[in-house]
Amino acid sequence: GNVWHLVCARNRHLRVCRISRVLQAHLAAETFVRPVDFDLAAFWQKWCVAIEGNRPFYPVSVRVSPQFIPWLPIYFGDPIHEQLDRAEAADAEGWLWLTLPFESLEDAREHILGLGGAVEVVAPQALRSSIQDFAEQIVALYAGGNKKRGPAEDGNGQPPSNARSIPSPT
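Residues numbered from 1 in each chain as written. Predicted model: local features only at pLDDT ≥ 70, side-chain atom pairs only at ≥ 80, totals over all residues. Heavy atoms only, no water.

Assigned secondary structure in the protein chain consists of five helices and five strands. Seen in sequence order, the protein chain has helices and strands lined up from the N terminus as β-β-α-β-α-α-β-α-β-α. Carbon together with sulfur atoms contributes 55% to the accessible area of the protein chain, which is approximately 14,000 Å² in total. (Helix = DSSP H or I, 4+ residues; strand = E, 2+ residues; numbered from the N terminus. Areas by Shrake-Rupley, 256 points an atom, 1.4 Å probe, with all protein chains shown as cover.)

Set out below in structure tokens:
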């Protein structure tokens, strides 16, 4: 994956730290010696199995539009191929029924909202209601001719002339 980790020892106990959560680091004069019998590959495999077994599981039943099915691996990774292989035939409208794994309602909502109308939540009802609520809020915000100016816009819907542009990352 795209997530980097650091395996380290503290007080004689091995730990795994997610690099993106390191807020500050500095070069210290102290050194360390990796134990001769330490097998990083074996440690990492055991750690990953333990983490995967303790990960929260929030299953979501969905219908996936036929146009979005080829995009599923891009959004949900290679493990979705197994689900696609086991999936029953598409319904009369060509939509595929799947159960997608997420860690929480919030995680599922965040991902599914970003897919627009390509995925419909069937269950759980709490997630379906939450997505409907968010969608109604978005529609109300962007609805019709009652466009409200944001604080950073002039009367023409444009940023004010003294606004600075944000440089693009290089």
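From this point, the narrative continues.
A cluster of nonpolar side chains, namely Trp4, Leu6, Ile19 and Val22, defines an oily patch on the protein surface of about 420 Å² accessible area. Mapped onto the fold, leucine 6 is located in strand 1 (residues 5–10). (Patch = residues over 30% accessible without salt bridge, like charges linked within 9 Å, V, L, I, M, F, W, Y side chains within 5 Å. Salt bridge = Lys/Arg side-chain N within 4 Å of Asp/Glu carboxyl O.)

A separate point is the confidence of the model for the protein chain. Within the protein chain, residue pLDDT values average 84, and 83% of them lie at 70 or more. Within the protein chain, helix 1 (residues 40–54) has the poorest average pLDDT of any element, 84, and strand 5 (residues 119–123) the best, 96. (pLDDT = per-residue confidence, 0-100.)

To continue, consider the pairing of strand 3 (residues 58–64). Judged by how many residues are buried, strand 3 sits mostly within the fold: five of seven residues are covered. The sheet contact formed by strand 3 and strand 4 (residues 96–102) spans seven bridges and is antiparallel. Residue pairing across strands places valine 64 opposite leucine 96, the latter belonging to strand 4. The sheet contact formed by strand 3 and strand 5 spans four bridges and is antiparallel. Bridge pairing links serine 61 to alanine 123 in strand 5. (Buried < 20%, exposed > 50% of the residue type's maximum accessible area, 1.4 Å probe, protein only. Pairing = 2+ DSSP bridges.)

Once that is clear, we can look at unusual backbone geometry. In this model, alanine 123 is joined to proline 124 through a cis peptide bond whose omega is 5°. Structurally, proline 124 is set in the loop between strand 5 and helix 5 (125–142).

Once that is clear, we can look at the pattern of salt bridges. Tallied over the entire structure, the rule returns five salt bridges. Close ionic contact of arginine 63 with glutamate 120 constitutes a salt bridge, the shortest N to O distance being 2.7 Å. Placement of the pair is arginine 63 in strand 3 and glutamate 120 in strand 5, with a sequence separation of 57 residues. Taking the relative accessible area as the measure of exposure, arginine 63 reaches 11% and is therefore buried. Judged by its relative accessible area of 27%, glutamate 120 is partly exposed. Overlapping salt bridges bring together Arg63, Asp91, Glu93, Glu120 and Arg128 as one network.

Now for helix 5. With 18 residues, helix 5 extends 26 Å between its outermost C-alpha atoms, agreeing within 8% with the 26 Å of an ideal straight helix rising 1.5 Å per residue. For helix 5, every residue scored as buried is listed here: Leu127, Ser130 and Ile131. Buried residues of helix 5, seen end-on, are gathered within an arc of 100° and therefore sit on one face of the element. Along helix 5, exposed side chains directed more than 90 degrees from the buried face belong to Val139 and Ala140. (Expected span 1.5 Å × (residues − 1). Arc of directions from axis to C-beta.)

Let us now look at the environment of glutamine 83. If you trace the backbone, glutamine 83 turns up in helix 3 (residues 80–86). For glutamine 83 and leucine 100, which are 17 residues apart along the polypeptide, the C-alpha to C-alpha distance reads 8.6 Å. In this structure glutamine 83 touches Leu98, Thr99, Leu100 and Pro101, once residues within four positions along its chain are discounted. (Contact = heavy atoms within 4.5 Å.)

A word on the sheet that holds strand 3. Strand pairing in a sheet relies on backbone hydrogen bonds. The paired strands run either parallel or antiparallel. Spatially, three strands are ordered 4-3-5 in an open sheet, and the strand pairing comes out antiparallel. Since the sheet does not close on itself, it has two edges, and those belong to strand 4 and strand 5, each with one partner. Pairs of neighbouring strands in the sheet enclose a mean axial angle of 40°, with direction left out of account. Relative to the sheet, helix 4 (residues 105–113) contacts strand 3, strand 4 and strand 5, its axis offset from that of strand 3 by approximately 25°. Docked against the sheet, helix 5 engages strand 3 and strand 5, running at close to 140° with respect to strand 5. (Axes fitted to C-alpha atoms, helices over the stretch in contact; angles between N-to-C directions.)

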